[in-house]
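This is what each chain is made of:
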Amino acid sequence: NEASAQLRYPSCYNHVIGVAATDEDDVKAGFSSYGTGTDVSAPGGTGISGPNGLLSTVNYETSRGYYDSYFGTSMSTPFTAGLCGLILSLNPDLSPEEVEDILESTCDNIDTIPGNANWAGQLGAGRINAFQAVSNTPYEPVAGFTTAVPYITPGTTIEFTDLSEGVPNEWSWEFTGGDPTISNDQDPVVTYEDEGSFCV
């Protein structure tokens, strides 16, 4: 928060992610440091046209309950750490280097945004993008499902609920003895006309 390009530690060490703060227009926050020690940028809570601050939990009661409004790299850094957690929730076997690579390779370029001309190339890989980071995290999906009732009477329907791990974008079900016998719905509803035990 010193508006400086001077290298700072521990943020400049290997395996540490240096985070700059941006405002609601993706422009470097006035207080934020920048430079070669910056790996990525993230929302820092400062703004002009919008609310000035990001909600954070606090240990005292305010008009918003136990939340208050803050800004700073102390806000942009938790955003980044949270995104690293999301990446690891999809694939906990990733190395720290792989997590950082995903984080940086999926950033939005903010160098060309008006207001960032003086800091082009000094805001890291850009502003983090949670959707792109999660969408580009390699993972091995694990199929899983549940049903509300495993036993039904013939001629009635049963709903299957997808519980697959990861972020699958397609489903392929087979229902022996069911109608339909196959489905690509995430949560299909199936009718069984005959008595028996059937595989899914």
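Computed from a predicted model, the values in this text were never measured in an experiment.

When you line up the elements, Leu163 lands in the loop between β6 (156-162) and β7 (173-174). Residues contacting Leu163, with those up to four places away along its chain left out, are Gly144, Phe145 and Thr146.

Turning to the environment of Asp194, a few remarks are in order. Mapping Asp194 onto the fold places it in the segment after β10 (189-192). For Asp194, a relative accessible area of 55% corresponds to the exposed category.

Attention now goes to the nonpolar core. With 13 residues, the main nonpolar core has Val40, Leu83, Ile87, Leu103 and Ile128 as its most contacted residues. Elements with a contribution of two residues or more to this core: β2 (40-43), α1 (73-90) and α2 (96-105). If near-sequence neighbours (up to four positions away) are discounted, Leu83 is found in contact with Leu103, Ile128, Asn129, Ala130, Ala133 and Val134. Within the second largest apolar cluster, seven residues are counted, among which are Ile158, Phe160, Phe175 and Val190.

The next thing to look at is the pairing of β6. By the bridge criterion, three bridges tie strand β5 (residues 145-147) to β6 in an arrangement that is antiparallel. Among the inter-strand pairings, Thr146 is bridged to a residue of β6, identified as Thr161. Examined bridge by bridge, β6 and β10 share four bridges and lie antiparallel to one another. Looking across to β10, one finds that Thr156 is bridged to Tyr192.

Secondary-structure assignment places Ser33 in the loop between β1 (19-22) and β2. We classify Ser33 as buried; its relative accessible area is 16%. Among the polar contacts listed, one links the side chain of Ser33 to the backbone oxygen of Ser4, at a separation of 3.5 Å. If near-sequence neighbours (up to four positions away) are discounted, Ser33 is found in contact with Asn1, Glu2, Ala3, Ser4, Ala20 and Thr38.

Calculation notes
- Residues numbered from 1 in each chain as written.
- Predicted model: local features only at pLDDT ≥ 70, side-chain atom pairs only at ≥ 80, totals over all residues.
- Heavy atoms only, no water.
- Helix = DSSP H or I, 4+ residues; strand = E, 2+ residues; numbered from the N terminus.
- Contact = heavy atoms within 4.5 Å.
- Buried < 20%, exposed > 50% of the residue type's maximum accessible area, 1.4 Å probe, protein only.
- Core = buried A, V, L, I, M, F, W, Y, C linked by side-chain atoms within 4.5 Å.
- Pairing = 2+ DSSP bridges.
- Polar contact = N/O pair within 3.5 Å; in protein donor to acceptor, adjacent residues only side chain to side chain.

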